[in-house]
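Given next are the chains, with one letter for each unit.
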Amino acid sequence: MERIFAEYYIETPYEVEQAAAVLAGEQSSGTFVSVPGETAELKERFAARVENIEKLDIVDEPSIPGNSIPGKKYQRARVQVSWSIENFGYNLPVLISTLQGNLYEISQFTGLKLMDFDVPDSFKNHYRGPQFGIKGSKASCGVTDRPMIGTIIKPSVGMSPEETAALVKTLIDAGIDFIKDDELMGSTANSLFDNRVNVIMKVINEHAQKTGKKVMYAFNISDEIDQMQRKYDLIKKHEGTCAMISINSVGLSATKKICDQGDLVIHGHRNGWGMLNRHPLLGIEFPAYQKIWRLAGVDQMHVNGIQNKFWESDDSVVKSIQSCLKPFVCGNNPLPVVSSGQWGGQAPETYRRTQTTDLLYMAGGGILAHPMGATSGVNALQQAWKAAVDGLSVEEAALQYPEFAASVKKFAK
Ligand SMILES: O=C(O)[C@H](O)COP(=O)(O)O
Ligand SMILES: [Mg+2]
């Protein structure tokens, strides 16, 4: 019978074997005490198995609250656990409650993080995965051998639809590939969703008719399910190509319901990520996280960026990009969305470390606050990526490109 494998990074004051057995029991047929129906036969078929334990370092203090044992220190380890596919069939919420459920509450652990998981091949018969991903996103706006260059409308909230559309026109005329609503922008009192779609798509469609290039705009449809559906249909009606979802806010099943329709590229914004990942011994690592959303069918996944404005390390960002580029059981590879405090100066290092142009490289402040204006902001990003692929350093690129040089002066720390 096919099995699902998950790897955890754990910390415990108990013997690791003992703590891992508690985890396996709690997350399958067992509980804190053996119950009459839990026969050997039932356990053989449904109990989770501890497949492997790799002991790591020992620390003096617990990383998060949990049990302590007098005189005992805290052992860290990597633990691999598996479940039979018979435990949940093809049901993502129950899969998630198994891999990421009450095990975070178990008092025997003073640290627990889901590092990665693998699902069997048969998942491809049940999950389509990203319908567009890297290939479909780039093809939709005519980008080939470079990253898609994008921006986020800022101020995030407060502008009228007409002001937003005027900014969109400037950005499109400058040659941008992708624009999105900020995650804080749904339908504000002065910029109702429907009005915004109407005026922005007019600008995009006119440009597409004239030039053949259809800029991708990710309208933030995050909402209750019926409203999301209505907004999705409205974007389609106006011949838009993309919708954005704040995936942590909207949830797995609602996101999948939208992705399953397959008409629009789905841009997955992971705001709230820090809550899930910022603590080194709690939550989930991105290689596991992105697989969940690939199963749901998300086409574009935020990964932060090199030298971002948040807490995440460059190593973690690089690992996240690489995980999106690895094959998985279903669909196209999702497009890694590099965003957070980007302005182009990070492009050479991003390319040096990832050797890929299969990215959506986005700068909000980095384009819109360019000292020579938004048009120069777009140009500076285009220059930054040309320079990065040509192997130029930031300094060399600044000598060659005046707009990029102005960015360096403004944004370099
Ligand atoms: O939604 C996003 O990706 C952020 O708002 C990024 O904005 P910034 O480029 O101004 O940091
Ligand atoms: Mg934002």
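Going by the structure above, here's the rest.
Since we're looking at a predicted model, the values are computed, not measured.

1. Regarding the nonpolar core
Most often, soluble globular proteins keep nonpolar side chains buried together rather than apart.
Inference 1: Membership of the largest hydrophobic core comes to 104 residues, with the highest contact counts inside it found for Tyr-8 and Leu-295.
Inference 2: The two domains that each donate at least three residues to this core are domain 1 (3–125) and domain 2 (133–411).
Inference 3: Not counting the four nearest positions on each side in its chain, Leu-295 is found in contact with Leu-92, Leu-95, Phe-117, Phe-123, Tyr-127, Lys-256, Phe-328, Val-329 and Cys-330.
Inference 4: Counting residues in each nonpolar core, the second largest holds 16 residues, with Ile-134, Met-216, Cys-242 and Met-244 among its members.

2. Brief notes about the sheet that holds strand S3 (residues 74–84)
Inference 1: If you trace the five strands from one edge of the open sheet to the other, you get S2-S3-S1-S4-S10, paired in mixed fashion. Two strands bound the open sheet, and with one partner strand each, they are strand S2 (49–59) and strand S10 (282–284). The sheet shows a mean angle of 15° between the axes of neighbouring strands, direction not considered.
Inference 2: The sheet contacts of helix H11 (residues 286–296) involve strand S4 (111–118) and S10, and relative to S4 the element is tilted by about 50°.

3. Observations concerning the environment of Phe-404
Inference 1: The residue Phe-404 is located in helix H17 (residues 402–411) in this model.
Inference 2: Counting along the chain gives 238 residues from Phe-404 to Ala-166, while the straight-line C-alpha distance between them is 24 Å.
Inference 3: With residues up to four places along the chain from it excluded, the contact list for Phe-404 reads Trp-343, Gly-344, Gly-345, Ala-380, Gln-383, Ala-384, Val-394, Ala-397 and Ala-398.

4. Structural notes on the site of ligand 1
Inference 1: The environment of ligand 1 is formed by 14 residues, the closest being Lys-154, Lys-309, Ser-339, Gly-341 and Gly-364.
Inference 2: Note that an oxygen atom of ligand 1 is positioned 2.6 Å from one of the side-chain N or O atoms of Lys-154.
Inference 3: Here an oxygen atom of ligand 1 sits 2.6 Å away from a polar atom, N or O, in the side chain of Ser-339.
Inference 4: Along the lines of polarity and charge, the residues of the shell around ligand 1 split into two nonpolar, seven polar and five charged.

What counts, and where the lines are drawn
- Residues numbered from 1 in each chain as written.
- Chains lettered and ligands numbered in written order.
- Predicted model: local features only at pLDDT ≥ 70, side-chain atom pairs only at ≥ 80, totals over all residues.
- Heavy atoms only, no water.
- Core = buried A, V, L, I, M, F, W, Y, C linked by side-chain atoms within 4.5 Å.
- Buried < 20%, exposed > 50% of the residue type's maximum accessible area, 1.4 Å probe, protein only.
- Domains from an automatic or database assignment.
- Contact = heavy atoms within 4.5 Å.
- Pairing = 2+ DSSP bridges.
- Helix = DSSP H or I, 4+ residues; strand = E, 2+ residues; numbered from the N terminus.
- Axes fitted to C-alpha atoms, helices over the stretch in contact; angles between N-to-C directions.
- Near = heavy atom within 4 Å.
- Polar contact = N/O pair within 3.5 Å; in protein donor to acceptor, adjacent residues only side chain to side chain.
- Nonpolar A, V, L, I, M, F, W, Y, C, P; charged D, E, K, R; others polar.

The analysis is restricted to geometry; functional conclusions fall outside its scope.
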